[in-house]
Amino acid sequence: MIIKEATFVKSVTKISQCPTPDKREVAFIGRSNVGKSSLINMLCNNRKLAKTSSTPGKTQTINHFLINKSWYLVDLPGYGYAKVGKALRQSFENFISSYIINRENLDCLFVLIDSRHEPREIDMEFIRWCGEKEIPIALVMTKTDKLKPSELETNIKNYQDTMHRDWEELPPMFITSAETKEGKEELIEYIGNIVEPSNDFADEE
Ligand code: GTP
Ligand code: MG
């Protein structure tokens, strides 16, 4: 798949305001500041599409982008944003979890993880929650340009080992950098198979 066109559709604070679920959809989630908006811009070749910031908590709404006039790419707010009070954080997380559970056209949730760190409980907890809710996920390691190859390898292995404590089979994992565009082709190809399922069998009818 090639991303030819990406347009911003809308930014919402209520699930009921999301676009009609009549197209396939994939969404990006992860801790605040992990690089969700930057990765969306990298995939779409447009630095201005999704708003990014070095300050965590930039994306506070659900943002739909229409790609190739045919499917939605969704930028979600980050979880675990420490600066807001507990009550606000709770209502915010309810908002995101309700989107994830109820959005009927959501085909895959990409969980972004900062490749620089040791496995973090908040990410493991979130991934476990997705497992319980049977949400199809894929993992995306971000900001790999900030690490030496050997450090990256160690950190990835740590994540895989930690997840193997919970699961025998792990979700697919992508290794990416919004800076160097590492992983771009692989990720786009994987998303393509989800949003543009092949018509291989169509001729056989
Ligand atoms: P929230 O919307 O606040 O949840 O954050 P986010 O996950 O959307 O992160 P965002 O894309 O805004 O990026 C956060 C910061 O990390 C910005 O300063 C980006 O420039 C930086 N960043 C994102 N991806 C990369 C990357 O691959 N490499 C490097 N070096 N920096 C990155
Ligand atoms: Mg963002």
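You'll find the structure just up there.
Quick notes on the rules
- Residues numbered from 1 in each chain as written.
- Chains lettered and ligands numbered in written order.
- Predicted model: local features only at pLDDT ≥ 70, side-chain atom pairs only at ≥ 80, totals over all residues.
- Heavy atoms only, no water.
- Helix = DSSP H or I, 4+ residues; strand = E, 2+ residues; numbered from the N terminus.
- Contact = heavy atoms within 4.5 Å.
- Salt bridge = Lys/Arg side-chain N within 4 Å of Asp/Glu carboxyl O.
- Buried < 20%, exposed > 50% of the residue type's maximum accessible area, 1.4 Å probe, protein only.
- Near = heavy atom within 4 Å.
- Polar contact = N/O pair within 3.5 Å; in protein donor to acceptor, adjacent residues only side chain to side chain.
- 1 Å grid on protein atoms, 1.4 Å probe; cavity = no way out; pocket = protein on both sides within 12 Å on 5 of 7 lines; lining within 4 Å.
- Sits in = over half its atoms within 2 Å of the grid points.
- Nonpolar A, V, L, I, M, F, W, Y, C, P; charged D, E, K, R; others polar.
- Expected span 1.5 Å × (residues − 1).
- Arc of directions from axis to C-beta.

S.K.: Looking at this structure, I do not really get the side chain of Thr142. What am I missing?
M.R.: Looking at where Thr142 falls in the secondary structure, it is placed in strand β6 (residues 137-142). Those residues in contact with Thr142, other than ones at most four positions away along the chain, are Val34, Leu112, Ile113, Asp114, Ser115 and Thr176.

S.K.: It is not clear to me how the pattern of salt bridges should be interpreted in this structure. Could you clarify?
M.R.: When the charged atoms of two side chains lie near each other, side chains of opposite charge can form a pair. Under the definition given, this model contains eight salt bridges. Between Arg128 and Asp166 there is a salt bridge whose closest N-O contact spans 2.8 Å. Taken together, the residues Arg128 in helix α3 (residues 121-132) and Asp166 in the loop between α4 (149-164) and β7 (173-175) connect sequence positions 38 residues apart. Residue classification places Arg128 among the partly exposed positions, given a relative accessible area of 30%. Taking the relative accessible area as the measure of exposure, Asp166 reaches 37% and is therefore partly exposed. For Lys157, the salt bridge identified is with Asp161, shortest N-O distance 2.9 Å. Here the residue Lys157 and the residue Asp161 both occupy positions in helix α4, the gap between them amounting to four residues, near one helical turn. Residue Asp161 is classed as partly exposed on the basis of its relative accessible area of 37%. Several salt bridges converge on common partners, so that one network encompasses Glu121, Arg128 and Asp166.

S.K.: Whenever I open this one, the site of ligand 1 confuses me. Can you help?
M.R.: The environment of ligand 1 is made up of 22 residues, and the closest members are Lys36, Ser38, Lys58, Thr59 and Asp145. One of the backbone nitrogen or oxygen atoms of Asn33 is found 3.0 Å away from an oxygen atom of ligand 1. When atom positions are compared with the pocket grids, ligand 1 is found to occupy the largest pocket. The residue makeup of the shell around ligand 1, split by class, is three nonpolar, twelve polar and seven charged.

S.K.: Would you mind going over α4 with me for this structure?
M.R.: Residues lying three or four places apart along an α-helix face the same way, a consequence of the helix completing one turn every 3.6 residues. With 16 residues, α4 extends 22 Å between its outermost C-alpha atoms, agreeing within 8% with the 22 Å of an ideal straight helix rising 1.5 Å per residue. Among all positions of α4, only Leu152, Asn155, Ile156, Tyr159, Thr162 and Met163 are buried. For α4, the arc enclosing every buried residue in end-on projection is 125 degrees, short of the 170-degree limit, so these residues lie on one face. In this structure, the buried residues of α4 make contact with β5 (106-114), α3, β6 and β7.

S.K.: When you look at the environment of Lys23 in this model, what are you seeing that I'm missing?
M.R.: Position of Lys23 relative to the elements: it lies in the loop between β1 (6-12) and β2 (24-30). Between the C-alpha atoms of Lys23 and Lys69, which are 46 residues apart in sequence, the distance is 9.6 Å. Here the side chain of Lys23 touches Asp22 through a polar contact of 3.5 Å, side chain to side chain.

S.K.: I would appreciate a short explanation of the side chain of Ser177 in the present structure.
M.R.: Take Ser177: it is sitting in the loop between β7 and α5 (184-195). Setting aside residues up to four positions removed in sequence, Ser177 forms contacts with Met42, Lys143, Thr144, Asp145 and Glu182.

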